[in-house]
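Coordinate inspection notes
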Amino acid sequence: MAFGSHVPTVGVDDLTNDDFLLDVREDDEWQAGHAAGALHIPMSEFVARYGELTEAAPQDGRVNVICRSGGRSAQVTMYLGQQGIDAVNVAGGMEAWEASGRPVVDDEGQPGTVV
């Protein structure tokens, strides 16, 4: 799914451990494996739970939005931009995260997998 050049993106390799990460995948995907420390708000619940993001996100920082491959996170990134939030889509999503060797954990903190 291509969203054109109007969706700001960032590569996995450009992220640091201190960067704020928002995972918008569904619960079953999250439970199988996610980036430790990410905030999880499924895209299907995002508008209703928007306040959780505004409470957790750094006031003057960027929100890095991630899903499995980049399609859902691109949509959420566009929405956040419309709300005036500095947000970028993580190119390649959790598939790129895992492929780059970044840790993926399950709900118990054990090694997980991207589904």
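Anything mentioned here points back to the structure above.
Summarised in this report is the structure supplied together with it. (Residues numbered from 1 in each chain as written. Predicted model: local features only at pLDDT ≥ 70, side-chain atom pairs only at ≥ 80, totals over all residues. Heavy atoms only, no water.)

Structurally, N64 is set in strand β4 (residues 63-66). A distance of 2.9 Å separates a polar atom in the side chain of N64 from the backbone oxygen of F20. For N64, the side chain forms a polar contact with the side chain of R62, separated by 3.0 Å. Each residue touching N64, except ones within four places of it in the same chain, is listed here: V10, L15, D19, F20, L21, L22, V88 and V90. (Helix = DSSP H or I, 4+ residues; strand = E, 2+ residues; numbered from the N terminus. Polar contact = N/O pair within 3.5 Å; in protein donor to acceptor, adjacent residues only side chain to side chain. Contact = heavy atoms within 4.5 Å.)

With that settled, the discussion passes to a negative patch on the surface. Together, D27, D28, D107 and E108 make up a negatively charged patch on the protein surface. With respect to the element layout, D28 can be found in helix α1 (residues 27-32). D28 sits in the exposed class, given a relative accessible area of 52%. (Patch = residues over 30% accessible without salt bridge, like charges linked within 9 Å, V, L, I, M, F, W, Y side chains within 5 Å. Areas by Shrake-Rupley, 256 points an atom, 1.4 Å probe, with all protein chains shown as cover. Salt bridge = Lys/Arg side-chain N within 4 Å of Asp/Glu carboxyl O. Lys, Arg positive; Asp, Glu negative; His and termini not counted. Charge placed at Lys NZ, Arg CZ, Asp CG, Glu CD. Buried < 20%, exposed > 50% of the residue type's maximum accessible area, 1.4 Å probe, protein only.)

Next up on the list: the pairing of β4. Across the two faces of β4 the burial is the same, with V63 and V65 and N64 and I66 all buried. Sheet topology note: the strand β2 (residues 20-23)/β4 ladder contains four bridges and is parallel. Note on β4: the bridge partner recorded for F20 is V63. The pairing of β4 with strand β5 (residues 87-90) spans three bridges and is classified as parallel. The residue bridging N64 from the neighbouring strand is V88, located in β5. A crossover connection joins β4 to the parallel β5 through helix α3 (residues 71-82); in handedness this β-α-β unit is right-handed. (Pairing = 2+ DSSP bridges. Right-handed = clockwise from strand over helix to strand, strands pointing away.)

Honestly, it's all geometry; don't read function into it.
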